[in-house]
Amino acid sequence: GVKSETLTPLFTGGTYDVTYNNRTAMVVKSPAAGTTVGITAVITGHGLEEFQSTRHHFSVNGVVHTISFMDPEDKWGCTKHVSTGVEPNGFGAWWFGRDGWCNGHNTPPIVTDVTHDLNPTPGSSNTITYSSQYYDDTTKSWKTPDCKSGCGYIVMSSSMTFSTAFHA
């Protein structure tokens, strides 16, 4: 069958500093029955965040879905992705694990099915929030961004995707 998809933009990245998580919740209406709903995100860390593990929390009506990037904890992290397109010996120190990306490699979107987290009544409101944390190698714990100057940044595009299959 034919598939119809619509997107509702959600959150973008920015400077990964003490204000990064100061975000307004989004309100999205529940779709018609039979619609599959997902959060689609492309997320990468750069500058001081390039070699810093991060995790990203999308909450739908209080149900939290987390995307984690742990490759920066492994200095050989990007070598593990050669079979899916990382170019060996490309672009300098290509082997280091990075936050959500590797040199010369496509950065695929991450899709999380949130259909069952929405209010079931079509047209009803749903609250979507986003926040992030970084992994502190010294304390071995996750922390809220606390950089005050010279901070790295997160490049992110996220949206809610509504898909409906039509059978001809």
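Residues numbered from 1 in each chain as written. Predicted model: local features only at pLDDT ≥ 70, side-chain atom pairs only at ≥ 80, totals over all residues. Heavy atoms only, no water.

1. Concerning the overall build of the chain
The condition is simple: A run of DSSP states H or I qualifies as a helix once it reaches four residues; a run of E qualifies as a strand once it reaches two. Both are numbered from the N-terminal end. Here the term buried applies to any residue with accessible area under 20% of the maximum for its type, exposed to any over 50%, and partly exposed to those in between, with areas from a 1.4 Å probe on protein chains only. Residues are treated as being in contact if the distance between any of their heavy atoms lies within 4.5 Å. Reported accessibility uses the Shrake-Rupley method at a 1.4 Å probe radius. Residues are deemed covered only where the shown protein chains occlude them. For the purpose of counting charges, residues Lys and Arg are taken to be positive, whereas Asp and Glu are taken to be negative. His and the chain ends are not included. Each charge is placed at NZ for Lys, CZ for Arg, CG for Asp and CD for Glu.
When helices and strands are tallied, the chain shows 0 helices and 9 strands. Going from N to C terminus, the chain has its helices and strands arranged as β-β-β-β-β-β-β-β-β. Seen through its C-alpha atoms, the chain measures out along the principal axes to roughly 50 × 40 × 25 Å. Expressed as a percentage of the 168 residues in the chain, the buried residues total 41%. Summarising the internal contacts of the chain: among those between residues at least 6 apart in sequence, 73% fall at separations of at least 24. Here the chain displays about 9,000 Å² of accessible surface, and carbon together with sulfur accounts for 56% of that area. In the chain, the 10 positive side-chain charges and the 14 negative ones have mean positions that sit 3 Å from each other.

2. Looking at the layout of surface pockets
As a reminder, the rule being used: In this analysis, the protein atoms alone were mapped onto a 1 Å grid. Cavities are point sets where a 1.4 Å probe fits without being able to get out; pockets are open sets with protein on both sides within 12 Å along at least five of seven lines; lining residues have an atom within 4 Å of a point. Grid points are joined across faces, edges and corners, and a volume is the space filled by probe spheres set on the points. Under the grouping applied here, Gly and all other residues not named as nonpolar or charged are polar, the nonpolar ones being Ala, Val, Leu, Ile, Met, Phe, Trp, Tyr, Cys and Pro and the charged ones Asp, Glu, Lys and Arg.
Counted as a void, the largest pocket has a volume near 240 Å³. Lining of the largest pocket is provided by 16 residues; of these, Phe69, Asp71, Gly100, Trp101 and Pro108 occupy positions nearest its centre. For the lining of the largest pocket, the leading source of residues is strand 3 (residues 36-46), giving 3 residues. Taken together, the residues of the lining of the largest pocket break down into 9 nonpolar, 5 polar and 2 charged.

3. Brief notes about the confidence of the model for the chain
What counts is decided by this rule: As a per-residue quantity, pLDDT reports the predictor's confidence and falls between 0 and 100.
Averaged over every residue, the pLDDT of the chain is 92; the share at 70 or more is 96%. For the chain, the element scoring lowest by mean pLDDT is strand 1 (residues 2-15), at 89; strand 4 (residues 54-60) scores highest, at 98.

4. Examining the pattern of salt bridges
Heads up, the condition is: Any Lys or Arg side-chain nitrogen located within 4 Å of an Asp or Glu carboxyl oxygen qualifies as a salt bridge.
Evaluated as defined, the whole model comprises 3 salt bridges. For Arg98, the salt bridge is made with Glu50, and the minimal N-O distance between the two is 2.7 Å. Placement of Arg98 in the loop between strand 5 (63-69) and strand 6 (110-113) and of Glu50 in the loop between strand 3 and strand 4 is noted, with a sequence separation of 48 residues between them. Overall, Glu50 belongs to the buried group, its relative accessible area being 18%. Salt-bridge contacts for Asp136 lead to Lys143; the nearest nitrogen and oxygen are separated by 3.0 Å. The class for Asp136 is buried, based on a relative accessible area of 12%. In this structure Lys143 comes out as partly exposed when scored by relative accessible area, which is 28%.

5. Re the side chain of Gln133
As for its placement among the helices and strands, Gln133 is situated in strand 7 (residues 125-136). Residue Gln133 is classed as buried on the basis of its relative accessible area of 17%. For Gln133, the contacting residues outside a window of four places in its chain are Tyr16, Ser53, Thr54, Arg55, His57, Trp142, Lys143 and Pro145.

6. Structural notes on the packing of aromatic side chains
To be explicit about the condition: In this scheme Phe, Tyr and Trp rings, the latter by its six-membered ring, pair at centre separations within 6.5 Å, and the angle between planes marks the pair as stacked below 30 degrees, edge-to-face above 60, and tilted otherwise. Each ring is checked for a lysine NZ or an arginine CZ that lies within 6 Å of its centre and within 35 degrees of its normal; such an atom marks a charge sitting over the ring.
The tally for this structure, following the rule as stated, stands at 9 aromatic pairs. Ring geometry for Phe51 versus Phe96: centroids 5.9 Å apart, planes at 80 degrees, classification edge-to-face. In this pair, Phe51 sits in the loop between strand 3 and strand 4 while Phe96 sits in the loop between strand 5 and strand 6, placing the two residues 45 residues apart along the sequence. Look at Phe51 and you get partly exposed, because its relative accessible area is 40%. Ring pairs connect the aromatic residues Phe11, Tyr16, Tyr20, Phe58 and Tyr130, which therefore count as one cluster. The side chain of Arg23 reaches across the aromatic face of Tyr20, ending 4.3 Å from its centre. For the cation-ring pair, Arg98 lies above Trp101, with the distance from its terminal atom to the ring centre recorded as 5.2 Å.

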